[in-house]
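Report on the structure
Here is how the chains run, residue by residue.
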Amino acid sequence: MTAPRRERATSAPLDDTVSAVVRQWQAVHPGLDTAPMEIIGRVNRCAALLQQAEDAPLRRAGLSRAEFDLLGALRRTGHELTPGELARETFSSGASVTKRLKQLTARGLVERRGDTRDRRVAHLRLTDAGRDLVDAILPDQLAYETAVLSVLAPEGQEELAGLLGELLGRLEGRLGALRV
């Protein structure tokens, strides 16, 4: 049995790609509740468009978002991290972290130090050049992200941040418990 379709709280019709997809599904399955698709579809579409846009300040510095995330994690934590810790901090796979670290090390932005007790463990930290690069890029990156979000009123940005934070916190708790 399908749940009845819920009405949106706002009266203004949305005209985006997801709206068209939802209308198509409603034509095929009129009784289907597509409300989850309207949220998840839009979050996924926004993420895809933001990834395609390639953050301009990062691109100018010759960095991908994933590389900047690694450098940023090393900078904001303020101490050495192992590759496993970096993977957890950046929600990345160990293999992708290893690949990116190799590139960042070759560029002189990150340096490795072997563990004195266990040769298999590496400790990673930013070089002075890596720290300077992160510190130089961060204000430009935040200004870029502010410009991207400027299509929303400040109240809308606050509401969206709160709602996404609530969703993320619950998903991390629920999905994190499932992974254990």
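My aim in this report is to walk through the structure given alongside it, one point at a time.

1. Side note on the overall build of the chain
Scanning the chain for helices and strands turns up 8 helices and 2 strands. The burial tally for the chain puts 23% of its 180 residues in the buried class. In the chain, the share of contacts with a sequence separation of at least 24, taken over all contacts with a separation of at least 6, comes to 54%. For the chain, the computed accessible surface area is about 12700 Å², with 58% contributed by carbon and sulfur atoms.

2. A word on the side chain of Thr90
The topology assignment puts Thr90 in helix H5 (residues 83-90). Since its relative accessible area comes to 13%, Thr90 is described here as buried. There is a polar contact of 2.7 Å between the side chain of Thr90 and the backbone oxygen of Leu86. Residues in contact with Thr90, not counting those within four places in the same chain, are Asp69, Leu70, Ala73 and Val97.

3. Some details on the packing of helix H1 (residues 17-28) against helix H2 (residues 35-53)
The interhelical angle for the contact between H1 and H2, taken along N-to-C directions, is 145°, at an axis separation of 9 Å. Relative to H2, the crossing made by H1 is right-handed. Contact residues: H1 offers Thr17, Val18, Ser19, Val21, Val22 and Trp25, while H2 offers Met37, Glu38, Gly41, Arg42 and Arg45. Grouping the constituent residues of the contact of H1 with H2 by class yields 5 nonpolar, 3 polar and 3 charged.

4. Focus on the pairing of strand E2 (residues 122-126)
Counting buried residues in E2 gives 4 out of 5 residues, a clear majority hidden from the surface. As judged from the 5 bridges shared by strand E1 (residues 110-114) and E2, these two strands associate in the antiparallel manner. Note that in E2 the partner of Arg112 across the bridge is Leu124.

5. Some points on helix H4 (residues 65-77)
A rise of 1.5 Å per residue sets the reference length of H4, with its 13 residues, at 18 Å; its end C-alpha atoms lie 18 Å apart and thus fit the reference within 8%. In this structure, the buried side of H4 is in contact with helix H3 (56-60), H5, helix H6 (94-106), E1, E2 and helix H7 (128-149). The first or second residue beyond H4 is Gly78, which carries a positive phi of 75°.

6. Side note on the environment of Thr127
Inspection of the secondary structure puts Thr127 in the loop between E2 and H7. Taking the C-alpha atoms as reference points, Thr127 and Val110, separated by 17 residues in sequence, lie 5.3 Å from one another. Once residues lying within four places of it in the same chain are set aside, the contact partners of Thr127 are Gly108, Leu109, Val110 and Glu111. In terms of polar contacts, Thr127 uses its side chain to reach the backbone carbonyl oxygen of Gly108, at 2.6 Å.

7. A short note on the pattern of salt bridges
Taken as a whole and judged by the stated rule, the model has 11 salt bridges. The network of salt bridges with common partners includes Asp16, Glu38 and Arg42.

8. As for the nonpolar core
Leu63, Leu71, Leu74, Leu86, Leu101, Leu104 and Val110 are the most contacted members of the largest nonpolar core, which totals 20 residues. For this core, the secondary-structure elements that each account for two or more residues are H4, H5, H6, E2 and H7. Counting residues per element, this core draws most heavily on H4, at 5 residues. Sequence-distant contacts of Leu74, defined by excluding residues within four places in its chain, comprise His79, Leu81, Leu86, Val110, Leu124, Arg125 and Leu126.

9. Here's the deal with H1
Its 12 residues place the ends of H1 17 Å apart at the C-alpha level, agreeing with the 16 Å of an ideal helix rising 1.5 Å per residue. Val18, Ser19 and Val22 are the residues of H1 that are buried. Angularly, the buried residues of H1 cover 100° about the axis, an arc narrow enough to put them on a single face. Of the residues in H1, the exposed ones pointing more than 90 degrees away from the buried face are Gln24, Ala27 and Val28. Lining the buried residues of H1 we find H2. Residue Asp16 occupies the N-cap position of H1, its side-chain oxygen lying 3.1 Å from the main-chain nitrogen of Val18.

Conventions adopted
- Residues numbered from 1 in each chain as written.
- Predicted model: local features only at pLDDT ≥ 70, side-chain atom pairs only at ≥ 80, totals over all residues.
- Heavy atoms only, no water.
- Helix = DSSP H or I, 4+ residues; strand = E, 2+ residues; numbered from the N terminus.
- Buried < 20%, exposed > 50% of the residue type's maximum accessible area, 1.4 Å probe, protein only.
- Contact = heavy atoms within 4.5 Å.
- Areas by Shrake-Rupley, 256 points an atom, 1.4 Å probe, with all protein chains shown as cover.
- Polar contact = N/O pair within 3.5 Å; in protein donor to acceptor, adjacent residues only side chain to side chain.
- Axes fitted to C-alpha atoms, helices over the stretch in contact; angles between N-to-C directions.
- Left-handed = near helix turned anticlockwise from the far one by under 90°.
- Nonpolar A, V, L, I, M, F, W, Y, C, P; charged D, E, K, R; others polar.
- Pairing = 2+ DSSP bridges.
- Expected span 1.5 Å × (residues − 1).
- Salt bridge = Lys/Arg side-chain N within 4 Å of Asp/Glu carboxyl O.
- Core = buried A, V, L, I, M, F, W, Y, C linked by side-chain atoms within 4.5 Å.
- Arc of directions from axis to C-beta.

What is shown is where atoms sit, not what they do.
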